[in-house]
Amino acid sequence: MRIHLIGLILLAGLSAQAPAHAQQPQTVERRVDRLEQQLRAVQRRVFPNGNVQPEVGDQPAVAGPASAGGDALTSLTQRVDALETQLRALTGQIEENGYRTRQLEEQVARLRTDLTARLDRLDPPAAVTPNVSAPPIEEPRAEPPVETPPEPVRAAAPASAEEAYNAGYRLWDRRQYAEAQATLEAAATRYPTGRWISWIRNLQGRAYLDDGKPATAARILLANYTDNPRGDRAADSLYYLGEALTRLNRRTEACRVYDELARVYPTMRDQLRSQLPGARRTARCGGE
């Protein structure tokens, strides 16, 4: 929006023609100065890493009234030309960034479609594990015995997504994988949004992977990455997806996943970064 505003201001400034510049050279120069400052601000905001063309440099100041009619107009014209050139460069880079973003989204979509189809051929999707709840409390008899044992107490539901995740984590840590899978599925159903869903789905995939069910694990991990690529454990899911594919003897796909991990998450956690070379060797990726 600001870039279009700059262009309109430039056109308005150019329409004044030479007589206006001769009458008020200092006013026009101040307007050009403001345009240059605004353009630099756009550069810094759109390209924080500085990957842009060289900024418009400072032009020599107008010497005095004697040069206002000729040199001043020439100088201002050159500066306006430089602003227009920089505006075209900014527009081109914005379009290029948008194109790259669309390409990345298309690559992620193709990766998901391809892997999902291959996994379905290996292992048809399993039915969703039902939520495991405590047995219903039996109604007391009409004439209870003298000594009635205490009624069973229904387990309280987790009060938050974090508590639900921790409950599943404790089961997974004790290698009670089936119980962990059911608990984490219930947690994902109860808390489908928010920060902790990325943690819950990632751990659920790992629970299936550690339980010797890599096809189901791969399906869950792939969905966690593609549905929530900005989640806290999206990079972890991509890493363990590669491990699941390796166990399924889908080494080519596993190497593609590891390449995707390195490209999309260059600032991944140190633990993943240290494990990635070994995982690539296990998958027999080229160059390892």
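Keep in mind that this is a model prediction, so the values were computed, not measured.

Quick notes on the rules
- Residues numbered from 1 in each chain as written.
- Predicted model: local features only at pLDDT ≥ 70, side-chain atom pairs only at ≥ 80, totals over all residues.
- Heavy atoms only, no water.
- Salt bridge = Lys/Arg side-chain N within 4 Å of Asp/Glu carboxyl O.
- Helix = DSSP H or I, 4+ residues; strand = E, 2+ residues; numbered from the N terminus.
- Buried < 20%, exposed > 50% of the residue type's maximum accessible area, 1.4 Å probe, protein only.

For the structure on display, the rule yields eight salt bridges. Across the salt bridge formed by Asp-236 and Arg-269, the nearest N and O atoms sit 2.3 Å from each other. Residue Asp-236 is found in helix H9 (residues 234-247), and its partner Arg-269 is found in the loop between helix H10 (251-264) and helix H11 (270-282); the two are separated by 33 residues along the sequence. Given the relative accessible area of 3%, Asp-236 is considered buried. A residue is classified by how much of its surface remains accessible, and Arg-269, at 31% relative accessible area, is partly exposed. Arg-247 serves as the salt-bridge partner of Glu-243, at 2.8 Å between the closest nitrogen and oxygen. Of the two residues, Glu-243 and Arg-247 are both situated in helix H9; the distance of four residues between them amounts to about one turn of the helix. Taking the relative accessible area as the measure of exposure, Glu-243 reaches 24% and is therefore partly exposed. Judged by its relative accessible area of 46%, Arg-247 is partly exposed.

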